[in-house]
Amino acid sequence: MNESAPTTTVGHDTVHHVRDLPVAERRDDAWQALAALGEPAPTADGLALTSFAVVKAVLKAPDRFSLAKVFEAVETGYPLIPLAFDPPEQTHYRRILQPLFSPRRIRPLTDALRAQAVDLIEAVKARGGCDFVADIAVPFPAQALLTLLDIPLADRDRLIAWKDAALQLTANAAGELVLTDEERAARVDLTMAMAGYLAELIQARRARPGDDMLSEILALDGEDRFSDEEAIGLCLMLVLAGLETVTDALGLAMERLATDPARRRELADDPSLVPAAVEELLRLDPPAPFLPRITTEDVEIGGCPIPAGTLVNAHLTTANRDESCWPHPHTTDFHRPENPHTSFGVGVHRCLGTHLARLEMQLILEEWHRHIPDYAIAEGTPHRARLIRANIGLESLHLTFDPSPPPHPAV
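Residues numbered from 1 in each chain as written. Predicted model: local features only at pLDDT ≥ 70, side-chain atom pairs only at ≥ 80, totals over all residues. Heavy atoms only, no water.

### Notes on the overall build of the protein
So, point 1. Along the protein, the regular secondary structure elements total 16 helices and 14 strands.
So, point 2. On C-alpha atoms alone, the protein measures out to a radius of gyration of 21 Å, which is about the 22 Å that the 2.2 N^0.38 rule sets for 411 residues.
So, point 3. Seen along its three principal axes, the alpha-carbon backbone of the protein occupies a region of about 60 × 55 × 45 Å.
So, point 4. Within the protein, buried positions represent 55% of all 411 residues. (Helix = DSSP H or I, 4+ residues; strand = E, 2+ residues; numbered from the N terminus. Rg over C-alpha atoms; globule rule 2.2 N^0.38 Å. Buried < 20%, exposed > 50% of the residue type's maximum accessible area, 1.4 Å probe, protein only.)

Below is the structure:
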């Protein structure tokens, strides 16, 4: 393996680092360029694993490729359950939590969340334009989590502000965002406020349990009992890992649709395609483009020896575009017979909130295209992707549309 950072060329750009790829303006080109580096590709931020087969194999072997070791460098003050653990601890938590996030438990939220989606969309429809990220993609996942936990929607904006502050601290610690001492202190205060809020919520639910998921977790006893610290860690994981990823997935999906009139028209004319569209849009734009792991022993990938303690990044963006699995992998196609993408992860660490995230995306795509079937990106407005904290999303997506579109059939 060549020990120097590899390079490849995209137009006139030379790539030494994944963040040097043209992600902001041409992410499709960026992921093709990353795949062209070969596998494993030694980059400045760890070895890049890019093929579908290797990514799946690595994510299915937590004993050799550890996620817990990645989280050892993350200081939260609370255990981020179950994300920050490997088996057997992760298996224990997953056994308890998996039934609470199953389709059977998530499906009853559909009517309430659909009504919330309609309210958000109707609020912007009369204006003839909106920032889809700020007006829809940010508030809706927060409301979905509040609904799941039976917390008043009036707390939505506080929750979003706390989440943003905590993620900015993480980005600052990783050197991806520069904060002054004063800015950092303000975000520490907000993050502590979130932890305090969750601690009070947990005490209140222990005293007066309801019918919500959190009350059910807190009612567990014996070896399954959650301590207050564990319950706070779980709630923090739901906030930090759940809200940002769905926000990013919604923004990237809508940007792709806004620039593809044919696919947009398909969804407006045939809402039954929305579930397949969700999978295809997630395949092309996983909001967590790579999943970091640290090797626990010496391993070999592609004939390359990799020592224990090495950071490897399983790149979902390239795995999802592997030509051996998807014909015409860079094309948006809502009629693929199979779509085994890796965007929710693979193996024991597969996203716990998969079913809720799918439901959120499905409801927004259904109701948006029923209420606003024709839309476009407002001329001259930015819609650059930004790669930060191992997440990719849009800062803004300004859309313009007819404030009085013709009605489309109800879903």
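Let's pick the thread back up.
### Quick notes on the environment of histidine 328
So, point 1. Mapped onto the secondary structure, histidine 328 falls in the loop between α15 (316-319) and α16 (354-371).
So, point 2. Taking the C-alpha atoms as reference points, histidine 328 and glycine 233, 95 residues apart in sequence, are found 42 Å from one another.

### Describing the nonpolar core
So, point 1. The biggest cluster of nonpolar side chains holds 104 residues, and the ones touching the most others in it are Leu97, Phe132, Met254, Trp368, Tyr375 and Leu399.
So, point 2. Ranked by the residues each element gives to this core, the list is headed by helix α12 (residues 228-258), at 17 residues.
So, point 3. Among residues more than four places away in sequence, those in contact with phenylalanine 132 are Ala137, Leu250, Gly251, Met254, Ile364, Trp368, Leu397 and Leu399. (Core = buried A, V, L, I, M, F, W, Y, C linked by side-chain atoms within 4.5 Å. Contact = heavy atoms within 4.5 Å.)

### Topic: the sheet that holds strand β5 (residues 65-66)
So, point 1. Taken together, the 5 strands give an open sheet; going across it, the order is β3-β4-β10-β7-β5, and neighbouring strands pair in mixed fashion. Taken across any chain shown, the strands that pair with only one partner, and hence form the sheet edges, are β3 (41-43) and β5.
So, point 2. Sheet topology note: the β5/strand β7 (residues 290-295) ladder contains 2 bridges and is antiparallel. Looking at β7, one finds that serine 66 is bridged to isoleucine 294. (Pairing = 2+ DSSP bridges.)

### A word on the pattern of salt bridges
So, point 1. In this structure the tally under the stated criterion is 29 salt bridges.
So, point 2. For the salt bridge of arginine 386 with glutamate 244, the shortest nitrogen-to-oxygen distance reads 3.5 Å. Residue arginine 386 is located in strand β12 (residues 385-388), and its partner glutamate 244 is located in helix α12; the two are separated by 142 residues in the primary sequence.
So, point 3. With relative accessibility at 6%, the residue glutamate 244 sits in the buried group.
So, point 4. With a shortest N-O distance of 3.9 Å, arginine 263 and aspartate 260 are connected by a salt bridge. (Salt bridge = Lys/Arg side-chain N within 4 Å of Asp/Glu carboxyl O.)

### Notes on helix α13 (residues 261-269)
So, point 1. Among the residues making up α13, those that are buried are Arg264, Glu266, Leu267 and Ala268.
So, point 2. The inward-facing, buried residues of α13 abut α12, α14 (274-284), α16 and β11 (375-377).

### Side note on the sheet that holds strand β14 (residues 398-401)
Pairing between sheet strands relies on hydrogen bonds along the backbone, with the strands arranged either parallel or antiparallel.
So, point 1. Strand order in the open sheet formed by 3 strands is β6-β14-β11, with antiparallel pairing between adjacent strands. Two strands in the sheet have a free side with no partner beyond their single neighbour: β6 (129-131) and β11. Across the sheet, the axes of successive neighbouring strands diverge by a mean angle of 25°, strand direction being ignored.
So, point 2. Across 3 bridges, β6 lies against β14 in antiparallel orientation. Its bridge partner lying in β14, glycine 129 is registered against threonine 400. (Axes fitted to C-alpha atoms, helices over the stretch in contact; angles between N-to-C directions.)

### Focus on the environment of glutamate 360
So, point 1. As for its position among the elements, glutamate 360 is in helix α16.
So, point 2. Classification of glutamate 360 as buried rests on a relative accessible area of 3%.
So, point 3. Counting along the chain gives 321 residues from glutamate 360 to glutamate 39, while the straight-line C-alpha distance between them is 35 Å.
So, point 4. With near-sequence residues (within four places) excluded, glutamate 360 lies in contact with Phe140, Pro141, Ala144 and Val246.

### Things to note about unusual backbone geometry
So, point 1. Residues glutamate 39 and proline 40 are joined by a peptide bond in cis, for which omega reads -5°.
So, point 2. Relative to the assigned elements, proline 40 resides in the loop between α1 (27-35) and β3.
So, point 3. The step from isoleucine 81 to proline 82 runs through a cis peptide bond, and the omega angle for that step is -5°.
So, point 4. Position of proline 82 among the secondary structure elements: in the loop between α3 (68-71) and α4 (89-97).
So, point 5. The backbone of aspartate 150 shows a phi angle near 60°, a positive value even though the residue is not glycine.
So, point 6. Inspection of the secondary structure puts aspartate 150 in the loop between α8 (139-149) and α9 (156-173).
So, point 7. Judged by its relative accessible area of 48%, aspartate 150 is partly exposed.
So, point 8. Here histidine 328, not a glycine, exhibits a phi torsion of approximately 50°, which is positive.

Nothing here speaks to function; it is geometry throughout.
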